[in-house]
Amino acid sequence: VITAIAPAPSNGDRIYVAAVISGNGADFAISCLLVDGTPCAGFGMAGQVIVPFDVGGSHDDIANRIVVRDGSLYVSGDVSTDGSDGAWDLATGVAKLDAASGVLDAQFGNLSGKPGRSVFNIDLIANGAEYNAGLALSNDGTRLLLGGSTDDTDPATGDMLQDAYVLAVDPASGQLDPGFAD
């Protein structure tokens, strides 16, 4: 299932496609195609890179946004993690790859032993789900912005709510930007 498409702004002959690939759970699949539909030479295996997060839960990782800038490819989406109740918990994940080769950036990420990947689990309520809905780089390229919704509870009624969130991430390290909001 194709979930996002982005042209390469500085190299108009490439198109990047994010999709979901299934196997033992779902993983981010990123393809690089030339405008004539042929796979990009040197990008992953036959023009495709698979990025598993596999940090718990059902291992269903769903890519849904792509940004290409300055030779880097950022892909974000929903990532399944382990919940405190033994079930799964949905979080926001982002991967950073080299736009030419598809190699994960070893300097980016917050997951031990899994370079090139960061996961952010907001959990305003226990095992609350975060749904990734946006990905952008600030105009000056100093912040990677992730947006979406997260589960919450109305303190007055106890009803389930969906709150919006925006996270600012250092595009070089994959860590939250401490200078952005709280």
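Keep in mind that this is a model prediction, so the values were computed, not measured.

(A) Spotlight on the confidence of the model for the protein chain. Mean pLDDT for the protein chain: 86, with 89% of residues reaching 70 or above. No element of the protein chain has a lower mean pLDDT than strand β1 (residues 2-7), which averages 63, and none a higher one than strand β8 (residues 117-120), which averages 94.

(B) Representation of the packing of aromatic side chains within the structure. Across all of its chains, the model carries three aromatic pairs by this definition. Taken together, a centroid distance of 6.3 Å and an interplanar angle of 65 degrees make the contact between Tyr-74 and Phe-108 edge-to-face. Remark: Phe-108 occurs in the loop between β7 (88-98) and β8 and Tyr-74 occurs in strand β6 (residues 72-82); sequence separation between them is 34 residues. A single burial state applies to Tyr-74 and to Phe-108, both of which are buried.

(C) Structural context of the pattern of salt bridges. On inspection of all chains with the given rule, the structure shows three salt bridges. A salt bridge links Arg-69 to Asp-70; its shortest N-O distance comes to 3.7 Å. Between Asp-105 and Lys-96 there is a salt bridge; the shortest N-O distance is 3.1 Å.

(D) Region of the structure containing the state of the cysteines. One pass over the structure, following the stated rule, counts one disulfide. Here Cys-32 pairs with Cys-40 through a disulfide, and the sulfurs are 2.1 Å apart. Here the disulfide of Cys-32 and Cys-40 is left-handed, its torsion about the S-S bond being about -65 degrees. Note on accessibility: Cys-32 and Cys-40 belong to one class, buried.

(E) Broad picture of the sheet that holds strand β9 (residues 130-137). As summarised here, the arrangement of the three strands in space is β9-β10-β11, forming an open sheet in which the pairing is antiparallel. With one partner strand each, in any of the chains shown, β9 and β11 (160-169) form the two edges of the open sheet. The average undirected angle you get between the axes of adjacent strands in this sheet is 20 degrees. As paired elements, β9 and strand β10 (residues 144-153) share seven bridges and run antiparallel to each other. Paired with Leu-137 across the bridge in β10 is Leu-144.

(F) Looking closely at the sheet that holds strand β5 (residues 62-69). Sheet architecture is open: four strands sit in the order β5-β6-β7-β8, paired in antiparallel fashion. A strand with exactly one partner marks an edge of an open sheet, and here the two such strands are β5 and β8. Taking the axes of each pair of neighbouring strands and ignoring which way they run, one obtains an average angle of 25 degrees across the sheet.

Thresholds applied
Residues numbered from 1 in each chain as written. Predicted model: local features only at pLDDT ≥ 70, side-chain atom pairs only at ≥ 80, totals over all residues. Heavy atoms only, no water. pLDDT = per-residue confidence, 0-100. Helix = DSSP H or I, 4+ residues; strand = E, 2+ residues; numbered from the N terminus. Phe/Tyr/Trp six-rings, centres within 6.5 Å; stacked < 30°, edge-to-face > 60°. Buried < 20%, exposed > 50% of the residue type's maximum accessible area, 1.4 Å probe, protein only. Salt bridge = Lys/Arg side-chain N within 4 Å of Asp/Glu carboxyl O. Disulfide = S-S within 2.5 Å. Pairing = 2+ DSSP bridges. Axes fitted to C-alpha atoms, helices over the stretch in contact; angles between N-to-C directions.

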